[in-house]
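Spelled out from the first residue to the last, the chains are:
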Amino acid sequence: MTPFDALKAQLSAVVPFAAYVGVEITDIGEGTATTVLTQSQNTSNHIATMHAGALFTLAEAASGAAMAGMFLDRLAGLRPVAASSKIDYAKPARGVITAHAEVDGAKPALLAALDSEGKVRFPISVRMEDATGREVARMTVDWHVTALARAA
C-alpha cells in the first residue's frame, strides 16, 4: 500500500458527508485527485439530472483530496480549510460523474510560502465530466492551509 492509498482510505473516513452522498475517491497523487459519484434517486433533482449540491460535494471532495496529496508528508501538522469556491454548471449531468482536481501551483513555491508565513492560500481546479467525457461542470476551490504550530 502506498502512502497515497493510505490517505485515500483515511479521507473517506474523515469526511463522512461525502461518503454519505456516495462520493468515492478513486485516485490521489501529489496535488491531484479523482473522485466519482454515480447518480441515484438521492442525488437527483426535479428534472432527473444530478443535483447541483451533489456535484458541488463531488468537486469539493476531489479538491480536498488533491490538497491532501500535495501536502501528504506534512498533513498531520496542518489545518486545511476550504476558504472559497466558485462552480459553473455547463451541461445537465446524468449517470456516473467523475471529478478531476489539480492544484494550481508548484509544490516548492507552496511549501516556501507555508514555511515563511506559516500559511498559504491557493486554488485547485476541478473538471467534472460524464461517462462520455463531456464536461458537465467545473469548480475552483481556494484552500487556506495553516501550520498548526502557528495557528491561532
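Description of the structure in this document. (Residues numbered from 1 in each chain as written. Predicted model: local features only at pLDDT ≥ 70, side-chain atom pairs only at ≥ 80, totals over all residues. Heavy atoms only, no water.)

Moving on, we get to the overall build of the protein chain. Along its length, the protein chain carries 4 helices and 6 strands. If you list the helices and strands of the protein chain from N to C, you get α-α-β-β-α-β-β-α-β-β. Computed over the C-alpha atoms, the radius of gyration of the protein chain is 15 Å, within 12% of the 15 Å expected from 2.2 N^0.38 for a compact globule of 152 residues. When its C-alpha atoms are laid out on the principal axes, the protein chain stretches across 50 × 30 × 25 Å. Across the 152 residues of the protein chain, 41% fall into the buried class. Summarising the internal contacts of the protein chain: among those between residues at least 6 apart in sequence, 69% fall at separations of at least 24. For the protein chain, the computed accessible surface area is about 7800 Å², with 56% contributed by carbon and sulfur atoms. (Helix = DSSP H or I, 4+ residues; strand = E, 2+ residues; numbered from the N terminus. Rg over C-alpha atoms; globule rule 2.2 N^0.38 Å. Buried < 20%, exposed > 50% of the residue type's maximum accessible area, 1.4 Å probe, protein only. Contact = heavy atoms within 4.5 Å. Areas by Shrake-Rupley, 256 points an atom, 1.4 Å probe, with all protein chains shown as cover.)

Phi at Ala48 is positive, roughly 65 degrees, even though this residue is not glycine. Its location among the elements puts Ala48 in the loop between strand 2 (32-38) and helix 3 (52-70).

One number sums up the size of the largest pocket: a volume of about 410 Å³. Lining the largest pocket we find 18 residues, and of these Leu11, Val14, Val15, Gly64 and Ala65 sit closest to its centre. Looking at the lining of the largest pocket, the elements that each hand over two or more residues are helix 1 (3-14), helix 2 (16-21) and helix 3. (1 Å grid on protein atoms, 1.4 Å probe; cavity = no way out; pocket = protein on both sides within 12 Å on 5 of 7 lines; lining within 4 Å. Points joined across faces, edges and corners; volume = space filled by probe spheres on them.)

Looking at where Thr43 falls in the secondary structure, it is placed in the loop between strand 2 and helix 3. A relative accessible area of 3% places Thr43 in the buried class. Not counting residues within four places of it along the chain, the set of residues in contact with Thr43 comprises Val21, Leu37, Thr38, Thr49, Met50, His51 and Ala54.

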